[in-house]
Amino acid sequence: MSSTMAQETVNTGGLATIRGAATIDETRPAEKLKRVIKDKNPIARNYVHQPPVIPHQIRGYRVDLNSNKCLNCHSWKYAAETGATKISLTHYETRDGKTLSDVSPRRYFCLQCHVTQADAAPLVDNTFEPVESLGHE
């Protein structure tokens, strides 16, 4: 099957993608990195149990099996000294509810839940309303 025929048989179902009109077998240059906000006060949460978003740049932060740059400021040991928000006590608990003396391995990789905010237009329209109990106006 020629590539022209293959492209003609693709049915997107009318959905647009972040990649735009590129096909899977097409290699496009990477998009430019979005401008991440610089240091800012903590950003309000929109729902209960929402992981806090990161109000500062983290480009170049190392978070891997051997090192976690986030803990240099946000661990209970250093938070008062650095003025950073302490990580939640839940980050010291195992799945079984046992409290550990150090961050639980299941909560060690911060960027699985916590993300930075970029100065970028929304990808899709959003009508989300924060929960009233969190006091947003």
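Being a predicted model, the structure only gives us computed values, none of them experimental.

1. Focus: the nonpolar core
By size, the foremost hydrophobic cluster in this structure holds five residues: L71, I87, Y92, V103 and Y108. For L71, the contacting residues outside a window of four places in its chain are Y78, I87, V103 and Y108.

2. Describing the pattern of salt bridges
Applying the stated criterion to the full structure yields one salt bridge. Taking the shortest distance from any N to any O, the salt bridge between D64 and R62 comes out at 2.6 Å. The class of D64 is partly exposed, set by a relative accessible area of 24%.

3. Here we look at the state of the cysteines
Tallied over the entire structure, the rule returns zero disulfides. This cysteine, C73, is not joined by any disulfide, and C70 carries the nearest cysteine sulfur, 8.8 Å off. Classification of C73 as partly exposed rests on a relative accessible area of 31%. In this model C113 remains outside any disulfide bridge; the closest cysteine sulfur is found in C110, 9.0 Å from its own.

4. Section: the packing of aromatic side chains
Applying the stated criterion across every chain yields a total of one aromatic pair. Considering the side-chain rings of Y108 and F109, the 5.1 Å spacing of their centres and the 90° angle between planes classify their relative orientation as edge-to-face. Judged by relative accessible area, F109 falls into the partly exposed class, the value being 31%. Against the face of Y61 rests K69, its NZ or CZ located 5.8 Å from the ring centre. In this structure, K86 is placed above the aromatic ring of W76, and the distance from its NZ or CZ to the ring centre is 4.1 Å.

5. Topic: a nonpolar patch on the surface
Taken together, the side chains of Y47, V48, F128, V131 and L134 define a hydrophobic patch exposed on the protein surface, amounting to about 430 Å² of accessible area. In this structure L134 comes out as partly exposed when scored by relative accessible area, which is 36%.

6. Description of the confidence of the model for the protein chain
Mean pLDDT over the protein chain stands at 82; residues scoring 70 or higher make up 81%. By mean pLDDT, the top-scoring element of the protein chain is helix α2 (residues 71-74) (95), and the lowest-scoring one is helix α1 (residues 3-9) (54).

7. A look at the side chain of N68
Relative to the helices and strands, N68 resides in strand β2 (residues 67-68). Among the polar contacts listed, one links the side chain of N68 to the backbone nitrogen of C70, at a separation of 2.9 Å. Side-chain polar atoms of N68 contact the backbone oxygen of Y108, separated by 2.6 Å. In this structure, N68 is in contact with R62, V63, Y108 and C110, ignoring residues within four places of it in sequence.

Reading guide: rules and limits
- Residues numbered from 1 in each chain as written.
- Predicted model: local features only at pLDDT ≥ 70, side-chain atom pairs only at ≥ 80, totals over all residues.
- Heavy atoms only, no water.
- Core = buried A, V, L, I, M, F, W, Y, C linked by side-chain atoms within 4.5 Å.
- Buried < 20%, exposed > 50% of the residue type's maximum accessible area, 1.4 Å probe, protein only.
- Contact = heavy atoms within 4.5 Å.
- Salt bridge = Lys/Arg side-chain N within 4 Å of Asp/Glu carboxyl O.
- Disulfide = S-S within 2.5 Å.
- Phe/Tyr/Trp six-rings, centres within 6.5 Å; stacked < 30°, edge-to-face > 60°.
- Lys NZ or Arg CZ within 6 Å of the ring centre and 35° of its normal.
- Patch = residues over 30% accessible without salt bridge, like charges linked within 9 Å, V, L, I, M, F, W, Y side chains within 5 Å.
- Areas by Shrake-Rupley, 256 points an atom, 1.4 Å probe, with all protein chains shown as cover.
- pLDDT = per-residue confidence, 0-100.
- Helix = DSSP H or I, 4+ residues; strand = E, 2+ residues; numbered from the N terminus.
- Polar contact = N/O pair within 3.5 Å; in protein donor to acceptor, adjacent residues only side chain to side chain.

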